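Coordinates in review
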Amino acid sequence: SPRPPPPPPEGYLHVELDSSSPVSGEHVLELTGSVGPGEVIPTPLSLEVKRRPSPFQRRVAAFLRGYLHKEWESCTTPSAEAPGRIDDGAVLPDVPQQETSNDCGFFMLEHVFCLLQLRPSELRALAGATAEELAALPWPTQHDVRRRKVKLGAGLSLLFGEVHTQETPDVEAFLRENPVVCRQLRETLVDPGAPFAAAVRRLAVSSA
């Protein structure tokens with residue numbers, strides 16, 4: 001009599017990727033499992049990670065748009081013209097991901113530092129870029145984050161040491177009165193000639 005078909009494999013799929021591996025798109029994996037003595041049956045497994053945002057991600061995008069619009073209204077005069085709405089959608093490009101379980105905040109901080117070095121026209125070009133154009137930019141990697149953590153640690157040590165020496169509780173006033181320390185601290189936050197800013201500048205020129 002014919003033997004019954006083997007049961008499908010069960011369990012969890014665990015995939016380890018480094019921070020530069022692309023994660024969006026169609027991925028087909030060949031899963032080989034042993035189902036009996038001398039029997040190895042390849043089972044094709046299709047894994048799809050879509051670029052389209054989930055309903056939750058769309059709600060987050062709508063919340064951020066509303067927050068930024070309120071910030072614009074509160075920081076400008078009533079006669080100021082609000083910036084045009086570039087796009088209602090969100091894109092999910094392949095960008096480097098964190099390789100540890102505790103660097104998410106540092107990744108966000110590194111992205112903020114990248115954006116703060118852009119001009120308004122470059123920010124608008126970045127907001128209107130496609131997923132493919134965004135994925136081609138040199139986004140911060142885990143290596144960049146490790147380097148930033150070292151620089152931030154040195155900057156904070158410098159700041160706390162100087163403030164403690166002069167016994168002042170007002171850091172803002174201290175930095176105004178000590179331009180050398182202010183410049184040294186700024187060097188831990190800004191990277192002259194950063195490749196990300198240069199790449200966005202080229203994108204803005206090509207899309208103008």
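A brief report on the enclosed structure follows.

Looking at the overall build of the protein
- Helix and strand counts for the protein come out as eight helices and two strands.
- A burial count over the protein gives 24% of its 208 residues as buried.
- Of the accessible surface of the protein, which amounts to about 15,200 Å², a share of 61% is contributed by carbon and sulfur atoms.

Some details on the packing of aromatic side chains
- Summed over the entire model, instances satisfying the criterion amount to one aromatic pair.
- Between Trp139 and Phe196, the aromatic rings sit 4.7 Å apart at their centres with planes inclined by 55°, giving tilted as the arrangement. Placement of the pair is Trp139 in the loop between helix H4 (131-135) and helix H5 (142-166) and Phe196 in helix H8 (residues 195-207), with a sequence separation of 57 residues. Each member of the pair, Trp139 together with Phe196, is buried.
- Sitting over the face of the ring of Phe106, Lys149 holds its NZ or CZ atom 4.9 Å from the ring centroid.

A short note on H8
- Between its terminal C-alpha atoms H8 stretches 18 Å, which fits the 18 Å expected from 13 residues at 1.5 Å a residue.
- Those residues of H8 lying buried are Phe196, Ala197, Ala199, Val200, Leu203 and Ala204. Taken end-on, H8 shows its buried residues confined to a sector of 160°, consistent with a single buried face. Of the residues in H8, the exposed ones pointing more than 90 degrees away from the buried face are Pro195, Arg202, Val205 and Ser206.
- The elements touched by buried residues of H8 are helix H2 (104-116), helix H3 (120-127) and H4.

Some details on the environment of Arg186
- Relative to the assigned elements, Arg186 resides in helix H7 (residues 179-186).
- Put simply, Arg186 and Gly155 are 31 residues apart on the chain and 8.4 Å apart in space, counted from C-alpha to C-alpha.

Notes on a nonpolar patch on the surface
- A cluster of nonpolar side chains, contributed by Phe56, Val60, Phe63, Leu64, Tyr67 and Leu68, occupies part of the molecular surface with about 640 Å² of accessible area.
- When you line up the elements, Val60 lands in helix H1 (residues 55-75).
- For Val60, a relative accessible area of 34% gives the class partly exposed.

Some remarks on H2
- Taking 1.5 Å per residue as the helical rise, H2 with its 13 residues ought to reach 18 Å, and the 19 Å between its terminal C-alpha atoms agrees with that figure.
- Every buried residue belonging to H2 is among Phe107, Glu110, His111, Phe113 and Cys114, and all of these are buried. The buried residues of H2 all sit within an arc of 155° when viewed along its axis, so they share a single face. Facing away from the buried side of H2 by over 90 degrees, the exposed positions are Met108 and Leu116.
- Next to the buried residues of H2 lie H5 and H8.

Here's the deal with the nonpolar core
- Ranked by internal contacts, the top residues of the largest apolar core, which has 13 residues, are Leu118, Leu126, Leu134, Leu137, Trp139, Phe196 and Val200.
- Looking at this core element by element, the count peaks at five residues for H8.
- Excluding residues that lie within four positions of it along the chain, Leu118 makes contacts with Leu123, Leu126, Phe196, Ala197 and Val200.
- In terms of nonpolar packing, the next biggest core, distinct from the first, is built from six residues, Val163, Leu175, Val181 and Leu185 among them.

Some points on the side chain of Thr188
- Here Thr188 lies in the loop between H7 and H8.
- Separated by 2.5 Å, the side chain of Thr188 and the backbone oxygen of Leu185 make a polar contact.

As for the pattern of salt bridges
- According to the stated counting rule, one finds 10 salt bridges in the structure shown.
- A salt bridge links Lys149 to Asp103; the shortest N-O distance between them is 3.0 Å. Here Lys149, found in helix H5, pairs with Asp103, found in the loop between H1 and H2; they are 46 residues apart in sequence, far enough to count as distant.
- By relative accessible area, Lys149 is classed as partly exposed at 31%.
- Across the pair Arg148 and Asp191 runs a salt bridge whose closest N-O atoms are separated by 2.4 Å.

Rules used throughout
- Residues numbered from 1 in each chain as written.
- Predicted model: local features only at pLDDT ≥ 70, side-chain atom pairs only at ≥ 80, totals over all residues.
- Heavy atoms only, no water.
- Helix = DSSP H or I, 4+ residues; strand = E, 2+ residues; numbered from the N terminus.
- Buried < 20%, exposed > 50% of the residue type's maximum accessible area, 1.4 Å probe, protein only.
- Areas by Shrake-Rupley, 256 points an atom, 1.4 Å probe, with all protein chains shown as cover.
- Phe/Tyr/Trp six-rings, centres within 6.5 Å; stacked < 30°, edge-to-face > 60°.
- Lys NZ or Arg CZ within 6 Å of the ring centre and 35° of its normal.
- Expected span 1.5 Å × (residues − 1).
- Arc of directions from axis to C-beta.
- Contact = heavy atoms within 4.5 Å.
- Patch = residues over 30% accessible without salt bridge, like charges linked within 9 Å, V, L, I, M, F, W, Y side chains within 5 Å.
- Salt bridge = Lys/Arg side-chain N within 4 Å of Asp/Glu carboxyl O.
- Core = buried A, V, L, I, M, F, W, Y, C linked by side-chain atoms within 4.5 Å.
- Polar contact = N/O pair within 3.5 Å; in protein donor to acceptor, adjacent residues only side chain to side chain.

That's the geometry; what it means functionally is another story.
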